[in-house]
Amino acid sequence: MTYTETVNWMFKQLPMYQNQGKSAYKANLDNTILLANYLENPHRNFKSVHVGGTNGKGSTSHMIASILQEAGYTVGLYTSPHLKDFRERIKINGINISKQFVISFIKKHKSFFEANALSFFEMTVGMAFEYFSKKNVDIAIIEVGLGGRLDSTNIITPEVSVITNIGLDHTQFLGNTLEAIAKEKAGIIKPNIPVVIGETQKETKQVFIEYSEMNKSPIEFADVSENEVYDTDLKGKYQKLNVNTAVSAIKHLKQKEFSITKQNIEEGLKNVVKNTGLLGRWQILQEEPKIICDTAHNKEGLKLVMSQLRSEVYDNLHIVIGVVKDKDLSTIIPLLPKDAVYYCCKPSVERGLDATSLTQALKDYNLKAKHFSNVREAFIMAKNNAESNDLIYVGGSTFTVAEIL
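Residues numbered from 1 in each chain as written. Predicted model: local features only at pLDDT ≥ 70, side-chain atom pairs only at ≥ 80, totals over all residues. Heavy atoms only, no water.

Engineer: I would appreciate a short explanation of the overall build of the protein in the present structure.
Structural biologist: The helix and strand inventory of the protein stands at 17 helices and 14 strands. Relative to the globule expectation of 22 Å for 405 residues, the C-alpha radius of gyration of the protein, 21 Å, shows essentially globular dimensions. Dimensions of the protein, computed from the C-alpha atoms along their principal axes, are close to 55 × 50 × 40 Å. For the protein, contacts bridging at least 24 residues in sequence account for 76% of all contacts bridging at least 6. Surface summary for the protein: the accessible area is close to 16,900 Å², and the carbon and sulfur share equals 48%. Distance between charge centres in the protein, computed from 47 positive and 45 negative side chains, equals 3 Å. (Helix = DSSP H or I, 4+ residues; strand = E, 2+ residues; numbered from the N terminus. Rg over C-alpha atoms; globule rule 2.2 N^0.38 Å. Contact = heavy atoms within 4.5 Å. Areas by Shrake-Rupley, 256 points an atom, 1.4 Å probe, with all protein chains shown as cover. Lys, Arg positive; Asp, Glu negative; His and termini not counted. Charge placed at Lys NZ, Arg CZ, Asp CG, Glu CD.)

Engineer: Got a minute to help me understand the sheet that holds strand 13 (residues 368-371) in this structure?
Structural biologist: The strands making up a sheet associate through backbone hydrogen bonding, with each pair oriented either parallel or antiparallel. Spatially, 9-10-14-11-12-13 is the arrangement adopted by the six strands of the open sheet, whose pairing is mixed. Edge positions in the sheet fall to strand 9 (283-287) and strand 13, since each has one partner strand and no second. Adjacent strand axes in the sheet meet at a mean angle of 20 degrees, parallel and antiparallel pairs treated alike. Strand direction decides the pairing type here: strand 12 (residues 340-344) and strand 13, joined by four bridges, are parallel. Note that in strand 13 the partner of Cys344 across the bridge is His371. With respect to the sheet, helix 13 (residues 299-310) is in contact with strand 11 (317-321) and strand 14 (391-395), its orientation differing from that of strand 14 by roughly 175 degrees. In this fold helix 16 (residues 375-385) packs onto strand 10 (290-293), strand 11, strand 12 and strand 14, with an angle of close to 175 degrees to the strand it touches most, strand 11. (Pairing = 2+ DSSP bridges. Axes fitted to C-alpha atoms, helices over the stretch in contact; angles between N-to-C directions.)

Engineer: Which parts of the structure should I look at to understand the packing of aromatic side chains?
Structural biologist: Ring pairs (aromatic) are described by centroid distance and by the angle formed between their planes. Here the structure, examined in full by the defined rule, presents 13 aromatic pairs. On the basis of an interplanar angle of 70 degrees and a centroid distance of 6.5 Å, the ring pair of Phe112 and Phe113 is categorised as edge-to-face. Judged by its relative accessible area of 14%, Phe112 is buried. Judged by relative accessible area, Phe113 falls into the buried class, the value being 1%. What links up through ring pairs into an aromatic cluster is the set Tyr38, Phe46, Phe101, Phe105, Phe112, Phe113, Phe129, Tyr131 and Phe132. (Phe/Tyr/Trp six-rings, centres within 6.5 Å; stacked < 30°, edge-to-face > 60°. Buried < 20%, exposed > 50% of the residue type's maximum accessible area, 1.4 Å probe, protein only.)

Engineer: Help me understand helix 9 (residues 205-214), please; the structure alone is not making it clear to me.
Structural biologist: Of all the residues in helix 9, the buried ones are Val207, Phe208, Ile209 and Ser212. Along its buried surface, helix 9 packs onto strand 6 (160-163), helix 8 (178-185), strand 7 (195-197) and strand 8 (219-221). Taken from the residues just after helix 9, Lys216 is the one with a positive phi, measuring 55 degrees.

Engineer: Help me out: how do you make sense of unusual backbone geometry in this one?
Structural biologist: Glycine aside, residues mostly have negative phi, and peptide bonds are mostly found in the trans state. For the peptide bond that leads from Ser80 to Pro81, omega is -10 degrees, which places it in the cis range. Among the structural elements, Pro81 can be located in the loop between strand 2 (75-78) and strand 3 (90-92). Of the consecutive residues Glu288 and Pro289, the connecting peptide bond is found in the cis state with omega at -10 degrees. You can see Pro289 is positioned in the loop between strand 9 and strand 10. The phi torsion at Asn93 lies on the positive side, around 45 degrees, for a residue other than glycine. Turning to its location among the elements, Asn93 is positioned in the loop between strand 3 and strand 4 (95-96). Judged by its relative accessible area of 32%, Asn93 is partly exposed. Non-glycine residue Asn136 carries a positive phi angle of around 55 degrees. Mapping Asn136 onto the fold places it in the loop between helix 6 (120-134) and strand 5 (139-143).

Engineer: In this structure, what is going on with the sheet that holds strand 2? I would like to understand it.
Structural biologist: Ordered in space as 4-3-2-5-1-6-7-8, the eight strands form an open sheet in which the pairing is mixed. Each end of this open sheet is capped by a strand with a single partner; those strands are strand 4 and strand 8. Pairing analysis gives five bridges linking strand 1 (residues 47-52) to strand 5, with the strands arranged parallel. Of the residues in strand 5, the one forming a bridge with Ser48 is Ala140. The strands touched by helix 4 (residues 57-70) are strand 1, strand 2, strand 5 and strand 6; relative to strand 5, the strand with the most contacts, the crossing angle is about 170 degrees.

Engineer: Help me understand the environment of Ile106, please; the structure alone is not making it clear to me.
Structural biologist: Mapped onto the fold, Ile106 is located in helix 5 (residues 99-115). On the basis of relative accessible area, Ile106 is assigned to the buried category, the value being 0%. Excluding its chain neighbours within four sequence positions, the residues that come into contact with Ile106 are Met1, Thr6, Trp9, Met10, Phe113, Met123 and Met127.

Engineer: What exactly am I supposed to notice about the pairing of strand 12 here?
Structural biologist: Strand residues, when the strand is regular, have side chains that alternate between the two faces of the sheet. With four of five residues buried, strand 12 is to be regarded as a mostly interior element. In this sheet, strand 12 lies alongside strand 11 in parallel orientation, the contact comprising five bridges. Of the residues in strand 12, the one forming a bridge with Ile319 is Tyr342.

Engineer: Even after reading the chapter, I still don't get the side chain of Gln201, so can you show me in this structure?
Structural biologist: Position of Gln201 relative to the elements: it lies in the loop between strand 7 and helix 9. Ignoring any residue separated from it by four or fewer positions in sequence, one finds Gln201 in contact with Asn165 and Ile166.

Engineer: Whenever I open this one, the environment of Glu267 confuses me. Can you help?
Structural biologist: Mapped onto the elements of the fold, Glu267 is located in helix 11 (residues 262-270). Note on Glu267: relative accessible area 26%, which makes it partly exposed. For the pair formed by Glu267 and Ile67, sequence separation is 200 residues and the distance between their alpha carbons is 7.1 Å.

See the structure below:
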């Protein structure tokens with residue numbers, strides 16, 4: 001199989017959550033453990049940092065990786081989902097996994113995957129762990145896919161666990177309250193391994209304290225720690241919280257004899273995009289008219305992004321928006337600016353909400369909205385309608401942003 005055929009074969013295996021949602025979620029780690037044993041437990045051959053949470057885990061993972069790269073380490077980075085190319089999920093020092101490794105890994109183990117009906121996500125985690133092991137990384141930053149306790153990544157014993165924050169997202173799997181979701185995320189806390197919590201929230205603070213005590217894990221709430229303040233090239237105002245969380249995680253790595261200077265931290269945070277290739281976080285695509293995209297897609301994420309959008313200066317605001325079906329629109333639409341024109345579209349994944357339904361939902365809140373047959377068409381129309389002093393924002397879903405990059 002070619003690279004494209006290989007990736008298409010992976011996508012077609014058991015339902016992939018990214019495309020299909022709830023039917024792809026597995027409520028145990030049996031397959032992951034089976035696969036790890038079959039691969040001779042590659043995850044035991046490298047050190048790691050495990051990063052979970054509702055929002056900010058991708059940015060925080062990339063920040064930690066960038067700082068460690070500046071300190072001279074060979075750093076693996078596993079994140080999801082990808083925006084343009086599957087290989088973005090698995091990187092070493094900012095370089096995507098090779099197409100050849102993807103092809104040969106699947107070819108070599110295909111019969112095992114088929115015999116055991118492994119999901120896309122399980123195969124991908126196995127591939128990442130095997131790649132990092134074979135390439136002898138000094139450390140790998142592993143982002144949780146969904147939840148924590150039952151996530152395929154949760155077979156590692158990291159140097160430090162990180163949980164950025166808790167929001168009401170993926171409630172159909174993780175629970176309907178912040179406390180219930182926190183318990184799932186707290187599943188990545190390991191015995192005697194320090195844990196950094198990015199944001200102190202009254203509904204979840206006690207959950208994390210209980211889990212850390214149960215595991216005898218030192219716990220730090222980064223937002224109340226006296227960390228130095230650093231700048232970052234990631235321009236979203238919300239990144240301040242992620243910077244603080246990353247700096248706290250680095251502090252724990254230094255205690256474990258990683259050699260990281262203040263300059264490494266400064267340079268790492270200033271060069272996240274250059275060092276890691278992170279895309280889609282308050283990314284400014286052009287200046288006249290200004291075009292910004294952001295992958296924020298739930299209430300907590302959009303609240304921060306919309307607040308920053310309101311502080312921008314523009315004549316007219318054009319918003320290209322596409323969401324997935326399992327979003328509770330009643331929590332998102334009230335956050336959206338009233339003075340914008342909305343270009344509604346369906347991201348091209350099975351989980352995408354059709355543009356007509358989204359348009360009607362926005363109109364029910366008295367917002368100006370039109371529907372388009374796809375993301376590209378909506379984006380072109382917004383660009384055609386925008387004057388040089390206008391602003392175009394593209395978002396609502398990672399998949400919407402992926403289609404315009």
